[in-house]
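Survey of secondary and tertiary structure
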Amino acid sequence: MIQQNIDQLAALCLAFKAVTFAPGKASTYENLLSWAKQNNKGTFVETLSGYAKQLDDLEADYNRMCIGPYRLTVPPYESVWFGTRVLNTRRTEVVRWFYAQFGLVSNDKEFNEPADYFGYELEFLGYLAVLIQELSRKGDSDRTAEAIDWLNAFWAEHLGHWYDKYLQAIATDSAVEIIRSWAILLQTELSRLFRDVPLKSMTTGLEEEKVAPPKSMKKDDPHPFFLNFRIILNKWTTSGEVR
């Protein structure tokens, strides 16, 4: 993935992820509207123009499909899109392992949803994109290349396998035009940004017996990415509402 795509990915994830965490908040659509204007998405700008009067409908529609309390029509979990409606499979464990390599989580208490929730996976792509931006800015070419490898691996082995099916299902099932447009546009943009990253079978982290941060995560011997990543995490979560 080239640097221009990294910059676009960071902005995309920051703008689009909030729908999966706060579909009824005005700030969610204010951020989307800002992104749409900056990227000359006139049709999406027009679609978003009436969001303030639809907040209850937006929240109810997304929750009906993806949150509950009733049977979900579009389950937002990677494990579900691989043959069964079973949650917390080995795929979930490996996704959590990816997060742990960057100090993001070490146990289930840090999640409101399983680790392979679509919003978390999209957010992780955004975290990595911003980390790559920061490492590149510092001139750390080796770690920049390594972080890009992690980004491509996560896409190729996880989100890249199911984002299109999931977002297409959202676009088909949603009763609200804003949610339909959000899903279609996000699918289009992710496809464009990752078009040169071939998918592959899940292998990275599969051999791990359990998920835990690397031993070098200890405070006295930090993981090479960890200190940078905490700074990035801070910037990311303060630049837009996450929850």
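Residues numbered from 1 in each chain as written. Predicted model: local features only at pLDDT ≥ 70, side-chain atom pairs only at ≥ 80, totals over all residues. Heavy atoms only, no water.

Some details on the overall build of the protein
Put simply, the rule is: A run of H or I in DSSP becomes a helix once it reaches four residues, and a run of E becomes a strand once it reaches two; helices and strands are each numbered from the N terminus. In what follows, a contact means two residues having at least one pair of non-hydrogen atoms within 4.5 Å. The Shrake-Rupley method, run with a 1.4 Å probe sphere, supplies the accessible areas, and residue values consider only the shown protein chains as cover.
Along the protein, the regular secondary structure elements total 11 helices and 0 strands. Going residue by residue from the N terminus, the α and β elements of the protein occur as α-α-α-α-α-α-α-α-α-α-α. Of the contacts made within the protein by residues no fewer than 6 positions apart, 71% connect residues no fewer than 24 positions apart. Summed over its atoms, the accessible surface of the protein is roughly 11,600 Å², and 50% of this surface lies on carbon and sulfur atoms.

Things to note about the packing of helix α6 (residues 90-100) against helix α7 (residues 118-137)
Formally: Axis definition: a line fitted to C-alpha atoms, over the contacting stretch in the case of helices. Angles run 0 to 180 degrees between N-to-C directions. Angles are sorted into four bins: roughly parallel if under 35 degrees, roughly antiparallel if over 145, roughly perpendicular if 65 to 115, and oblique for all others. Handedness of a helix crossing follows the sense of rotation of the near helix relative to the far helix, less than a right angle counterclockwise being left-handed and clockwise being right-handed.
In the contact formed by α6 and α7, the axes pass within 11 Å of each other and the chain directions differ by 30 degrees. Between α6 and α7, the crossing angle belongs to the class labelled roughly parallel. Pair α6 / α7 crosses with left-handed handedness. Contacts between α6 and α7 involve Val95, Phe98 and Tyr99 from the former and Tyr120, Glu121 and Phe124 from the latter.

Section: helix α1 (residues 3-16)
Filter applied, for reference: Given the number of residues in a helix, its expected span is that number minus one, multiplied by 1.5 Å. Buried residues are those whose accessible area, probed at 1.4 Å on protein chains only, stays under 20% of the maximum for their type, while exposed residues exceed 50% and partly exposed ones sit between those limits.
A rise of 1.5 Å per residue sets the reference length of α1, with its 14 residues, at 20 Å; its end C-alpha atoms lie 20 Å apart and thus fit the reference within 8%. Turning to α1, its buried residues number three or more, namely Asn5, Ile6, Leu9, Ala10, Leu12, Cys13, Ala15 and Phe16.

Digging into the side chain of Arg91
By secondary structure assignment, the location of Arg91 is in helix α6. According to the relative accessible area criterion, Arg91 is buried, its value standing at 13%.

Examining the environment of Ile6
Tracing the sequence through the fold places Ile6 in helix α1. Residue Ile6 is classed as buried on the basis of its relative accessible area, which comes to 0%. Ile6 has contacts with Met1, Ala129, Ile132, Gln133 and Leu151, leaving out every residue within four places of it along the chain.

Regarding the nonpolar core
Operational definition: Buried Ala, Val, Leu, Ile, Met, Phe, Trp, Tyr and Cys residues that are joined via side-chain atoms within 4.5 Å together make up what is termed a nonpolar core.
Among the nonpolar cores identified, the biggest contains 74 residues, and Phe16, Tyr29, Phe118, Trp182 and Leu190 are the most heavily contacted of them. Sorting elements by how many residues they give to this core places α7 first, with 12 residues. For Phe16, the contacting residues outside a window of four places in its chain are Leu32, Trp35, Phe44, Leu122, Trp182, Leu185 and Leu186.

A few points about the packing of aromatic side chains
For clarity, the threshold we go by: Aromatic pairing here means that ring centres of Phe, Tyr or Trp (its six-membered ring) are within 6.5 Å. Orientation follows from the plane angle: under 30 degrees is stacked, over 60 is edge-to-face, and everything else is tilted. Working rule: Lys NZ or Arg CZ, within 6 Å of ring centre, within 35 degrees of ring normal, means a charge sits over the ring.
Tallied over the full model, the rule gives 22 aromatic pairs. Seen in terms of ring centroids, Trp155 and Phe194 are 4.0 Å apart; in terms of plane orientation they differ by 10 degrees. Their pairing is stacked. In this pair, Trp155 is assigned in helix α8 (residues 141-157) and Phe194 in the loop between α10 (177-193) and α11 (226-238), connecting sequence segments 39 residues apart. Accessibility assignment for this pair places Trp155 and Phe194 in one class, buried. Every member of this aromatic cluster is reached through a ring pair, and the members are Trp97, Phe98, Tyr99, Phe102, Phe124, Trp150 and Phe154. Over the aromatic face of Phe82 sits the side chain of Arg91, whose NZ or CZ is 3.7 Å from the ring centroid. It is Lys165 that lies over the ring of Phe82; its NZ or CZ is 5.8 Å from the centre.

Observations concerning unusual backbone geometry
Working note: non-glycine residues mostly have negative phi, and peptide bonds are mostly trans. The amide bond that connects Gly68 to the next residue, Pro69, takes the cis arrangement and shows omega of 20 degrees. Positive phi values are uncommon outside glycine, yet Asn40 reaches one of about 55 degrees. In this fold, Asn40 is placed in the loop between α3 (26-38) and α4 (42-48). Taking the relative accessible area as the measure of exposure, Asn40 reaches 70% and is therefore exposed.

Focus on the environment of Glu78
Tracing the chain through its elements places Glu78 in the loop between α5 (55-66) and α6. In the structure, Glu78 is positioned 81 residues away from Leu159 in sequence and 7.4 Å away in space, judged by C-alpha atoms. Residues in contact with Glu78, not counting those within four places in the same chain, are Arg91, Val95, Asp116, Glu121, Glu157, His158, Leu159 and Trp162.

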